[in-house]
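# Overview (structure and organization)
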Amino acid sequence: MYLLVKRALDILLSLIAITLLSPILIVISIILSVTGEKEILYLQERVGFRNKRFKIWKFATMLKNSPNLGTGTLTLRNDPRVTKIGRFLRITKLNELPQLFNVLFGDMSLIGPRPLMPKDAERYSQQIRETIYNVKPGITGIGSVVFRDEELLVSSCEGDKIQFYADVIMPHKGALELWYQKNLSFRTDFLILFLTCWQIIVPSSKLVYRVFPDLPVLTTSLVSA
């Protein structure tokens, strides 16, 4: 019943959001068409529901062939592969808006684990890979809230940033998504949606740990919960 009602809400809310945000979508599309690499949308293969692959929609923010350049699938703050307008879109998360169509078409939900590229998903343990996508991936989720500014966090790491991402960030993301699976409810989804909006206003907020006091905590000196 939870999944059926959630799907109905996803369809309704994505339609409303697309309608209300259509002026912003059009303006961003026009700006990208004249300032970017002539690509407006970036379609990329991701791991989705029941580990099936799908194409995620995003506004193009990086140079072509970026996954094969520099730090690969890992994007850092002030990454030279990111275009000027792309940097603004990524910081404000406006580049994620086209995923409303993924929600409408049934590939994603508004709330759920973030869909990863297959190469990144393989970094999860087998237990997490078998569990994390028992629900549809989301535009936002508990991992997105906790790692609101992941690019800055990884960029601030001294040493091998790719190794830091693999050894510290990924295991904690997995723990967060297992927590989400154990706490599936409309209340949890509503609070995650609220926290997502809250962090747009207050990006450095740690309110998530007060709202969900039993969340796994990242044990690294770079993060203070």
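It should be noted that the structure appears before, not after, this text.
The text that follows walks through the structure, step by step, so that each part is easy to find.

Parameters and conventions
Residues numbered from 1 in each chain as written. Predicted model: local features only at pLDDT ≥ 70, side-chain atom pairs only at ≥ 80, totals over all residues. Heavy atoms only, no water. Helix = DSSP H or I, 4+ residues; strand = E, 2+ residues; numbered from the N terminus. Buried < 20%, exposed > 50% of the residue type's maximum accessible area, 1.4 Å probe, protein only. Contact = heavy atoms within 4.5 Å. Areas by Shrake-Rupley, 256 points an atom, 1.4 Å probe, with all protein chains shown as cover. Expected span 1.5 Å × (residues − 1). Arc of directions from axis to C-beta. Pairing = 2+ DSSP bridges. Core = buried A, V, L, I, M, F, W, Y, C linked by side-chain atoms within 4.5 Å. Salt bridge = Lys/Arg side-chain N within 4 Å of Asp/Glu carboxyl O. Phe/Tyr/Trp six-rings, centres within 6.5 Å; stacked < 30°, edge-to-face > 60°. Lys NZ or Arg CZ within 6 Å of the ring centre and 35° of its normal.

Turning our eyes to something else, we now look at the overall build of the chain. Counting its secondary structure elements, the chain contains ten helices and four strands. Written out in order from the N terminus, the α and β elements of the chain read α-β-β-α-α-β-α-α-β-α-α-α-α-α. Across the 225 residues that make up the chain, the buried fraction comes to 45%. Long-range pairs, those at least 24 residues apart, make up 66% of the contacts in the chain with a sequence separation of at least 6. As presented, the chain carries roughly 11,800 Å² of accessible surface, and 63% of it is formed by carbon and sulfur atoms.

The next subject is helix 9 (residues 186-201). Since one α-helical turn is 3.6 residues long, residues separated by three or four positions face the same way. Between its terminal C-alpha atoms helix 9 stretches 23 Å, which fits the 22 Å expected from 16 residues at 1.5 Å a residue. Considered for burial, the residues of helix 9 that qualify are T188, D189, L191, I192, L195 and Q199. Considered in projection along helix 9, the buried side chains sweep an arc of 165° and stay on one side of the axis. Of the exposed residues in helix 9, the ones pointing more than 90 degrees away from its buried face are R187, F190, I200 and I201. The elements touched by buried residues of helix 9 are helix 1 (2-35), strand 3 (109-111), strand 4 (138-140), helix 6 (142-146), helix 8 (161-182) and helix 10 (207-211).

On to the side chain of N95. Position of N95 among the secondary structure elements: in the loop between helix 2 (84-92) and helix 3 (99-105). Look at N95 and you get buried, because its relative accessible area is 3%. If sequence neighbours within four positions are ignored, N95 has contacts with K58, F59, T61, L89 and R90.

A separate point is the pairing of strand 2 (residues 53-59). Of the pairings in the sheet, the one linking strand 1 (residues 41-47) to strand 2 comprises seven bridges and is antiparallel in character. Pairing of E45 across the sheet is with K55, part of strand 2. The turn linking strand 1 back onto strand 2 is made up of five residues, and R50 within it adopts a positive phi angle of 55°.

With 42 residues, the main nonpolar core has I142, V146, Y180, V208, F212 and L215 as its most contacted residues. Among the elements that make up this core, the one with the highest residue count is helix 8 (eight residues). In contact with L215, not counting residues within four places along its chain, are I142, V146, L176, W179, V208 and Y209. Ranked by size, the runner-up nonpolar core spans six residues in total, among them I28, L32, F59 and L97.

Further remarks concern the pattern of salt bridges. Under the counting rule described, the total for this entry stands at five salt bridges. Between D120 and R123 there is a salt bridge, and its shortest N-O distance comes to 3.4 Å. Because the salt bridges share partners, they merge into one network encompassing K58, E96 and R114.

Moving on, we come to the packing of aromatic side chains. For any pair of aromatic rings, the description consists of the separation of the ring centres together with the inter-plane angle of the planes. A complete count under the given rule lists six aromatic pairs for this structure. The interplanar angle of 45° and the centroid separation of 6.3 Å between the aromatic rings of F101 and F105 together place this pair among those described as tilted. Here F101 and its partner F105 are both found in helix 3, four residues apart, which amounts to about one turn of the helix. Given a relative accessible area of 25%, F101 falls into the partly exposed group. One aromatic cluster is present, built from ring pairs that chain together W57, F101 and F105. Note that K173 overlies the ring of F147, its terminal NZ or CZ placed 5.9 Å from the centroid.

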